[in-house]
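Overview (structure and organization)
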Amino acid sequence: MSKATYNWFDKQASLKRFYKQLQQDNEVVQVTVTNHTRDIRKVSLWGANTETKLTEDESFKNSFDTIIETEQNPMDVIYNTASNRYYILNEGADAMTIVSTEGIIEKLIDLNTNSNVDIKGPVKLSYNSNQSHPNYGDIAIACKRADQVLILNHSGEVKEVVNTGVEPVDIVYNTYNNRFYVANSKSDYVTMIDQSYQSYQLNGFRAPISLGFNSANADLLVYDTGTSEIHLISESGAFKNKIEGILTDVISIDFSVELNLFYVSSFQTNEIHVINAETLEIQRKFTGVPKPLKLRFQKDVKVIRVIDNTTNALITLDTNLNVIGNESLSGFDTFLLDGPSTVFLNSTNNQIKIRGTIQSPTVTVNEEYYEDRQDFQYNPAMVGHVKLVASGEDRINALQIMEKSVTGTEICKTISLSNSQSPQNFANVSEIFDFNGNLIDGHVTWCFKINPLQQATFLIYYQQIEMYNLLPEKSRISTGVQMSKGIPVSWLDNPKDEPPNAATY
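Because the structure is a prediction, the values reported are computed rather than measured.

Scoring rules and cut-offs
- Residues numbered from 1 in each chain as written.
- Predicted model: local features only at pLDDT ≥ 70, side-chain atom pairs only at ≥ 80, totals over all residues.
- Heavy atoms only, no water.
- Buried < 20%, exposed > 50% of the residue type's maximum accessible area, 1.4 Å probe, protein only.
- Helix = DSSP H or I, 4+ residues; strand = E, 2+ residues; numbered from the N terminus.
- Pairing = 2+ DSSP bridges.
- Arc of directions from axis to C-beta.
- Contact = heavy atoms within 4.5 Å.
- 1 Å grid on protein atoms, 1.4 Å probe; cavity = no way out; pocket = protein on both sides within 12 Å on 5 of 7 lines; lining within 4 Å.
- Points joined across faces, edges and corners; volume = space filled by probe spheres on them.
- Nonpolar A, V, L, I, M, F, W, Y, C, P; charged D, E, K, R; others polar.
- Phe/Tyr/Trp six-rings, centres within 6.5 Å; stacked < 30°, edge-to-face > 60°.
- Lys NZ or Arg CZ within 6 Å of the ring centre and 35° of its normal.
- Salt bridge = Lys/Arg side-chain N within 4 Å of Asp/Glu carboxyl O.
- Axes fitted to C-alpha atoms, helices over the stretch in contact; angles between N-to-C directions.
- Core = buried A, V, L, I, M, F, W, Y, C linked by side-chain atoms within 4.5 Å.
- Polar contact = N/O pair within 3.5 Å; in protein donor to acceptor, adjacent residues only side chain to side chain.

1. Side note on the pairing of strand β21 (residues 261–266)
A large share of β21 lies buried, amounting to six of its six residues. Burial along β21 is two-sided: L261, Y263 and S265 facing one way and F262, V264 and S266 facing the other are all buried. Alignment of strand β20 (residues 251–256) against β21, held across six bridges, turns out to be antiparallel. Bridge pairing in β21 places F255 opposite F262.

Here is the structure:
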């Protein structure tokens, strides 16, 4: 056997004996630190007295763009502020998918459950967005084949089933009067659903297919394909005004409360109309988007988004109807810009695309760490040995021990890890003997730099000092200590010129 081989085996045996004795004499705590960023981060452990932060800039924005598979024919999507979730209707599967803002499918709701109608055909959904309303977050789903609206809470549990006219194809929630309105494409009326989920008929139409509402006064805009007219009615259904001669079977309506304008896109005539919300006067007309679909006014940035169906692109217009943006949708045919992310649906390939940013922690530590830190704050630990295991090949080069006294004096000691690589294996392991004899308490902080996307685990062998055991055997528990004087109350019962009697302590 060569001398080098003999020395290696000798070190292995020596380290094995060392750890056996170490485990017999000490307790052990594990601290695992993970760097989630692509930057080197400075980490601080312990320091309970000053509640030292684990790292500066404890969170960062992380961009994501993900495509997930869903059920058949995703047709419509909303963002529900009550649950901070997206809800997607799958017409072909009679289902609704609940998706988190990070693009994770959380639940699939079968809409045929607890129903006497087996085929729902869900095509459109809306929700109660009034935060002060008792039904805040409730979702209403227009089911074209069942001639029903399903009312669900934001967890997906059915609360009510409301009968409508024949083939409901559009539904809106009017935030002004807290009512749902439903367009029935093969009936001559619009269904109004009140706050108790009772339904009423608003007559005077031939085949209403699309709705919009004025959130400032509860007026409803209804496109009637049977008469090729846009009707403006009051919340009770009373006729107020109309626009004639819009020949189209596909129309999209949205409203800007700040500008008091309706925006209407007409698929067959290739037109986008800007309409005065009170007089129904067409103030402007734009023909620069062929086959416009799914028009939406994005109020936070005051722009109009609409799909160009000829090129499958998302067009952005300013309020003067100038084109200021063009983004290819690559087969996705429905979009939603509400909420913290952007959602696109592909009804042909049954896909959901979610793009956005999430707030992620820069550095994390195992949950038990904070309990251990508090414990060591009041019952210090005398370190016997530290073993550091790091992921990847990049080594952690140094550790700093910083101790701050009650007077504010700070002592800093740096321990180099260049000679601490473990002889036991070729992994990124350091055996740190220079920590022996150091305390972990509320005054001490360990500082080190962790490499990008690295995880570092400390195994700390220690003996804990129970502070109560340091008191004299004859000491009694003092109740009513005057902290400003630092003496027990019982001493005050003695004359000033006499020492306290032995019976009092």
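2. Section: helix α2 (residues 368–378)
For α2, the set of buried residues is Y369, R373 and F376. An end-on view of α2 places all buried positions within 70° of arc, on one side of the element. Those residues of α2 that are exposed and aimed more than 90 degrees away from the buried face are E371 and Y378. Next to the buried residues of α2 lie β1 (27–35), β2 (41–46), β31 (363–365), β32 (381–390), β36 (439–440) and β38 (455–464).

3. Overview of empty space enclosed by the protein
Applying the stated criterion across every chain yields a total of two cavities of 30 Å³ or more. Residue lining of the largest cavity: N128, H133, N135, Y173, N178, R179, F180, I193, D194, Q195 and Y197, and that is the complete set. Split by residue class, the lining of the largest cavity holds four nonpolar, five polar and two charged.

4. Topic: the packing of aromatic side chains
Two aromatic rings are characterised by how far apart their centres lie and by the angle between their planes. Counted by the stated rule, this structure contains 11 aromatic pairs. Ring centres of W46 and W446 lie 6.1 Å apart, and the angle between their planes is 90°; on these two criteria the pair is classed as edge-to-face. With a gap of 400 residues between them, W46 in strand β2 and W446 in strand β37 (residues 444–450) connect regions that are remote in the sequence. Overall, the relative accessible area of 1% leaves W46 in the buried class. The aromatic ring of F267 is capped on one face by K291, whose charged end is 5.3 Å from the ring centroid.

5. Focus: the pattern of salt bridges
The final tally for this structure, using the stated rule, is nine salt bridges. Ionic pairing is found between E106 and R85, a salt bridge with its closest N-O pair at 2.7 Å. Taken together, the positions of E106 in strand β7 (residues 105–110) and R85 in strand β5 (residues 85–90) put the pair 21 residues apart, joining distant regions of the chain. A salt bridge links K242 to E244; the shortest N-O distance between them is 3.9 Å. Of the residues examined, K242 reaches a relative accessible area of 34% and is grouped as partly exposed. Here the salt bridges share partners, and the residues they tie into one network are E229, K242 and E244.

6. Examining the sheet that holds strand β25 (residues 303–308)
Strand order in the open sheet formed by four strands is β24-β25-β26-β27, with antiparallel pairing between adjacent strands. At either margin of the open sheet sits one strand with a lone partner, and together these are β24 (292–298) and β27 (323–328). Ignoring strand direction, the axes of neighbouring strands in this sheet form an average angle of 20°. Where β25 meets strand β26 (residues 313–317), five bridges bridge the pair, whose relative direction is antiparallel. Bridge pairing links V306 to I315 in β26.

7. A closer look at the nonpolar core
Counting 31 residues, the largest nonpolar core has L45, W446, F458 and I460 as the members making the most contacts within it. Secondary-structure elements contributing two or more residues to this core are β1, β2, β31, α2, β32, β33 (398–404), β37 and β38. With residues near it in sequence (within four places) discarded, W446 still touches V43, S44, L45, W46, V383, V386, Q400, I401, F435, I440, F458 and I460.

8. Some points on the pairing of strand β22 (residues 271–276)
The element β22 is largely enclosed, with a buried count of six among its six residues. The two faces of β22 match: E271, H273 and I275 on one face and I272, V274 and N276 on the other face are all buried. Between β21 and β22, which pair antiparallel and follow one another directly, the connecting turn spans four residues, one of which, N270, has a positive phi of 60°. Alignment of β22 against strand β23 (residues 282–286), held across four bridges, turns out to be antiparallel. Bridge assignment links I275 to a residue of β23, and that residue is I282. Two successive antiparallel strands, β22 and β23, enclose a turn made up of five residues, where L280 displays a positive phi of approximately 60°.

9. Thoughts on the side chain of N346
The topology assignment puts N346 in strand β29 (residues 341–346). A polar side-chain atom of N346 sits 3.1 Å from the main-chain carbonyl oxygen of G331. Other than its neighbours up to four places away in sequence, N346 contacts P74, G331, F332, D333 and Q351.

10. Observations regarding the environment of A216
Within the element layout of this structure, A216 appears in the loop between β16 (208–213) and β17 (220–224). Separated by 41 residues in the primary sequence, A216 and T175 have C-alpha atoms spaced 8.7 Å apart. When sequence neighbours within four positions are dropped, the list of residues in contact with A216 reads Y176 and V257.

11. A look at the layout of surface pockets
What the second largest pocket holds in volume is close to 250 Å³. If you list the elements that add at least two residues to the lining of the second largest pocket, you get β2, β33 and β37. Per-element accounting of the lining of the second largest pocket gives the leading share, three residues, to β33. A per-class count over the lining of the second largest pocket returns two nonpolar, nine polar and four charged.

12. Notes on unusual backbone geometry
Non-glycine residue E51 carries a positive phi angle of around 50°. Positive phi, normally seen in glycine, also occurs at L280, with a value near 60°.

13. Examining the side chain of S256
Tracing the chain through its elements places S256 in strand β20. By relative accessible area, S256 is classed as buried at 1%.

14. A word on the sheet that holds strand β3 (residues 59–69)
On the basis of which strands lie adjacent, the open sheet formed by four strands has the order β3-β30-β29-β28 and antiparallel pairing. This sheet does not close on itself; its edge strands, each paired only once, are β3 and β28 (334–336). Between one strand axis and the next, the sheet turns by 15° as a mean value, whatever way the strands run. Bridge count for β29 against strand β30 (residues 351–361) is six bridges, and the pairing is antiparallel. Opposite F344, over in β30, you have K353 as the bridge partner.

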